[in-house]
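Residue-level structure breakdown
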Amino acid sequence: MRERLGDTFDPIAVPDLPTPDPDLDRSVAELRRLREAIAGLAHSEVELGDIADRLAEAADLLEPRVPEPARRLEAMWTGAGSRRANPVGGPENPIAPPVRFFGCDDGSVTAEVTLGLAYQGPPGCVHGGISALIIDHMMGFANHWGGRYGMTAHYEIDYRSPTPLLRPLTFRSWVDEVDGRKTWTKATIHAGDRLCVEARGLFLEASVAVPGHPDRRSTVGDGA
Ligand SMILES: CCCCCCCC(=O)SCCNC(=O)CCNC(=O)[C@H](O)C(C)(C)COP(=O)(O)OP(=O)(O)OC[C@H]1O[C@@H](n2cnc3c(N)ncnc32)[C@H](O)[C@@H]1OP(=O)(O)O
């Protein structure tokens, strides 16, 4: 695998998955709007009492409708697996940053992401743990795109320069090396031409019990 993306770099959108529950996706989209709006509020400059009351009303309506976690866990591993529910771009997950992945014809994957104030670490910059979250997930996606799968066993990350908020960032990941059950995968984050973060992870082929089906195990990652 090449380290740098070559002439054949030609991102194609990974197809959207069917939406099993459009109202769930819509609710999550509205929650994301709220998340960004609330993260952007300045102290005492906006009157919020009525908003807090209305949010409490919505939460009161919602909570009694939430089934047991076991039912939700089972649904997450049915059909599209965890791809719709994962915390990096999953349309059913309100904490997911707005990440959309593209596969490239050189075997790498990429995403263009602009992260808002909810993801701040150092002033004006992305929290290092958020970068690590997206990178870990994206390396798993790159493995799948490269015909590999596995659970993260180890990864290391170098923060080379500050990663800015509110500016488009380019995430890239590709399978670097394979050996039996082991896959080593690399990833980078750039702001324009500037390298912000680079990482390398070791993934090991493994299976996990499927919730609700103790007799079944899955090796399906988020690229499925
Ligand atoms: C199933 C798909 C779900 C989708 C996942 C999405 C991505 C994720 O978020 S994964 C979540 C985070 N990861 C985890 O929770 C994994 C937790 N860890 C585990 O379950 C186990 O340690 C697991 C499965 C990774 C490896 O266990 P096991 O299969 O017993 O490996 P083991 O036999 O000890 O080691 C195999 C080889 O890997 C090496 N190895 C294992 N762990 C490491 C490590 N952390 N660092 C370096 N090398 C390691 C071993 O040295 C051994 O090498 P060799 O064959 O050369 O002697």
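Residues numbered from 1 in each chain as written. Predicted model: local features only at pLDDT ≥ 70, side-chain atom pairs only at ≥ 80, totals over all residues. Heavy atoms only, no water.

**Concerning the overall build of the protein chain**
- The helix and strand inventory of the protein chain stands at four helices and nine strands.
- Walking the protein chain from its N terminus toward its C terminus, one meets helices and strands in the order β-α-α-α-β-β-α-β-β-β-β-β-β.
- Put simply, the protein chain has 224 residues, and 33% of those count as buried.
- About 13000 Å² of surface is accessible on the protein chain, with carbon and sulfur atoms providing 55% of the total. (Helix = DSSP H or I, 4+ residues; strand = E, 2+ residues; numbered from the N terminus. Buried < 20%, exposed > 50% of the residue type's maximum accessible area, 1.4 Å probe, protein only. Areas by Shrake-Rupley, 256 points an atom, 1.4 Å probe, with all protein chains shown as cover.)

**Some words on the pairing of strand β6 (residues 182–191)**
- Burial runs high along β6: eight of the ten residues are buried.
- Counting the residues that bridge the hairpin from strand β5 (residues 169–179) to β6 gives two residues, and of these G180 lies at a positive phi of roughly 60°.
- For β6 and strand β7 (residues 194–204), the ladder comprises ten bridges, and the chain directions are antiparallel. Paired with T185 across the two strands is G201, which belongs to β7.
- Counted along the chain from β6 to the antiparallel partner β7, the turn is two residues long, and its residue G192 has a positive phi close to 60°. (Pairing = 2+ DSSP bridges.)

**Some thoughts on a negative patch on the surface**
- Among the surface-exposed residues, E47, D50, D53, E57, D60 and E63 lie close enough to one another that they form a single negatively charged patch.
- Looking at the secondary structure, you find D53 in helix α2 (residues 49–62). (Patch = residues over 30% accessible without salt bridge, like charges linked within 9 Å, V, L, I, M, F, W, Y side chains within 5 Å. Salt bridge = Lys/Arg side-chain N within 4 Å of Asp/Glu carboxyl O. Lys, Arg positive; Asp, Glu negative; His and termini not counted. Charge placed at Lys NZ, Arg CZ, Asp CG, Glu CD.)

**Section: a nonpolar patch on the surface**
- On the surface, a nonpolar cluster with roughly 590 Å² of combined accessible area is contributed by L31, L34, I38, L41, V46, L48, I51 and L55.
- Secondary structure elements with two or more residues in the nonpolar patch: α1 (22–39) and α2.
- No other element matches the three residues that α1 contributes to the nonpolar patch.
- Structurally, I51 is set in helix α2.

**Regarding the nonpolar core**
- Formed by 26 residues in total, the largest nonpolar core has its most connected members in L115, I135 and F171.
- Elements supplying a minimum of two residues to this core: β3 (109–113), α4 (128–145), β5, β6 and β7.
- With seven residues, α4 is the single largest residue contributor to this core.
- With residues near it in sequence (within four places) discarded, I135 still touches I157, F171, A187, I189, V197 and A199. (Core = buried A, V, L, I, M, F, W, Y, C linked by side-chain atoms within 4.5 Å. Contact = heavy atoms within 4.5 Å.)

**Some words on the packing of aromatic side chains**
- Enumeration over the complete set of coordinates arrives at one aromatic pair.
- On the numbers, 4.6 Å between centres and 20° between planes, the contact of F101 with F141 is stacked. Note that F101 is positioned in strand β2 (residues 101–103) and F141 in helix α4, a separation of 40 residues in sequence. Considered together, F101 and F141 belong to a single accessibility category, that of buried residues. (Phe/Tyr/Trp six-rings, centres within 6.5 Å; stacked < 30°, edge-to-face > 60°.)

**Considering the site of the ligand**
- Around the ligand, the structure places 13 residues, and the nearest of them are T152, A153, R181, K182 and L202.
- Here a nitrogen atom of the ligand and a backbone polar atom of A153 are 3.0 Å apart.
- Contacts to the ligand include K182, whose side-chain N or O atom sits 2.7 Å from an oxygen atom.
- About the coverage of the ligand: the protein hides 46% of its 1200 Å² of free accessible area.
- Element by element, the count of residues in the shell around the ligand is highest for strand β4 (residues 151–159), at four residues.
- Its residues assigned to classes, the shell around the ligand comprises seven nonpolar, three polar and three charged. (Near = heavy atom within 4 Å. Polar contact = N/O pair within 3.5 Å; in protein donor to acceptor, adjacent residues only side chain to side chain. Nonpolar A, V, L, I, M, F, W, Y, C, P; charged D, E, K, R; others polar.)

**Quick word on the UniProt feature "domain: Thioesterase" (unreviewed entry) in the protein chain**
- According to UniProt, the feature "domain: Thioesterase" (unreviewed entry) maps to residues 124–194 in the numbering used here.
- Secondary structure within residues 124–194 divides into 25% helix and 44% strand; the distance between the first and last C-alpha atoms comes to 16 Å. (UniProt positions renumbered as here; feature names shortened; annotations may be inferred.)

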